[in-house]
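# Architecture at a glance
Residues per chain, in single letters:
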Amino acid sequence: MSSIIKKIALSGSAIFLLMQLYQPERNIDYVRVSPMHFFKTFSVPAKVQDVLQTSCFDCHSNNTNYPWYSYVQPVRMLMDSHINEGKENLNFSEFGTYSKRKQRSKLDRMIKQIKSDEMPLASYTMIHRNAILTNENKALLLKWIEKKSDSILANN
Ligand code: HEC
């Protein structure tokens, strides 16, 4: 290896190591289930709960499951930006604080995102293989969410 390449490789690893020192606070709410949680707002069948938990909650709730590689930068920074942006758009932990109108609109957006395969984000399922929605789970979610959205409509 020429010395210039060695130098580049060395400074690259130094930067990588320094990046590891940045370990920001994690997205974990120690109140197990907030009274404003989606699962408290609606009565949600266990199977639907499981799928939402596995495929959506890491970015759309106040409780992220952090795998070991989430402690490795820059993975963590990428994850944090998804979590912040995801929660801003839709937070299942605080769903009950939304107005009925907003709840309905979020349910409808979920349907759109799931149907068009935009959620869960592809960059996430690349690593979190178990979060990929099978056709069966997709159908299960869509059926339940559509029914729920209609019932909110009926109650207004
Ligand atoms: C890796 C993190 C991540 C996962 C997992 C994830 N999302 Fe998202 N979601 C985001 C981000 C970031 C945005 C905002 C940017 C965008 O729309 O791409 C978003 C936006 C959305 C929106 C749009 C909200 C609005 O008001 O327009 C909906 C609805 C949504 N996600 C539903 C879901 C559902 C349902 C799942 C699970 C099946 C899911 N997401 C899984 C990160 C994620």
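Computed from a prediction, not measured in an experiment: that's the story for all the values here.

Thresholds applied
Residues numbered from 1 in each chain as written. Predicted model: local features only at pLDDT ≥ 70, side-chain atom pairs only at ≥ 80, totals over all residues. Heavy atoms only, no water. Salt bridge = Lys/Arg side-chain N within 4 Å of Asp/Glu carboxyl O. Helix = DSSP H or I, 4+ residues; strand = E, 2+ residues; numbered from the N terminus. Buried < 20%, exposed > 50% of the residue type's maximum accessible area, 1.4 Å probe, protein only. Contact = heavy atoms within 4.5 Å. UniProt positions renumbered as here; feature names shortened; annotations may be inferred. Donors = N, O, S within 2.8 Å, 3.2 Å for Na, K, Ca; no water. Near = heavy atom within 4 Å. Polar contact = N/O pair within 3.5 Å; in protein donor to acceptor, adjacent residues only side chain to side chain. Nonpolar A, V, L, I, M, F, W, Y, C, P; charged D, E, K, R; others polar.

### Considerations on the pattern of salt bridges
Under the definition given, this model contains three salt bridges. Residues Asp117 and Lys138 are paired through a salt bridge, measuring 2.5 Å at the closest nitrogen-oxygen approach. Taken together, the residues Asp117 in the loop between α6 (100-115) and α7 (122-125) and Lys138 in helix α8 (residues 135-155) connect sequence positions 21 residues apart. For Asp117, a relative accessible area of 54% puts it in the exposed group. The class of Lys138 is buried, set by a relative accessible area of 14%.

### Topic: the side chain of Asn91
Within the secondary structure, Asn91 sits in the loop between α5 (75-89) and α6. Beyond its immediate sequence surroundings of up to four residues, Asn91 is in contact with His60, Ser61, Asn62 and Tyr98.

### Focus on the UniProt feature "domain: Haem-binding" (unreviewed entry) in the protein chain
Residues given the UniProt feature "domain: Haem-binding" (unreviewed entry) here are residues 13-149. A helix fraction of 55% and a strand fraction of 0% characterise residues 13-149, whose end C-alpha atoms lie 51 Å from each other.

### Topic: the coordination of the iron atom of the ligand
Bound to the iron atom of the ligand on the protein side are His60 (NE2) and Met119 (SD), at distances that span 2.0 to 2.3 Å. On the basis of relative accessibility, which here comes to 29%, the residue Met119 falls in the partly exposed class.

### With respect to the site of the ligand
As a structural note, the neighbourhood of the ligand is formed by 17 residues, with Cys56, Cys59, His60, Lys106 and Met119 the closest of them. A distance of 2.8 Å separates a nitrogen atom of the ligand from a polar atom in the side chain of His60. Lys106 places a polar side-chain atom, nitrogen or oxygen, 2.5 Å from an oxygen atom of the ligand. Residue classes in the shell around the ligand are distributed as eight nonpolar, six polar and three charged.

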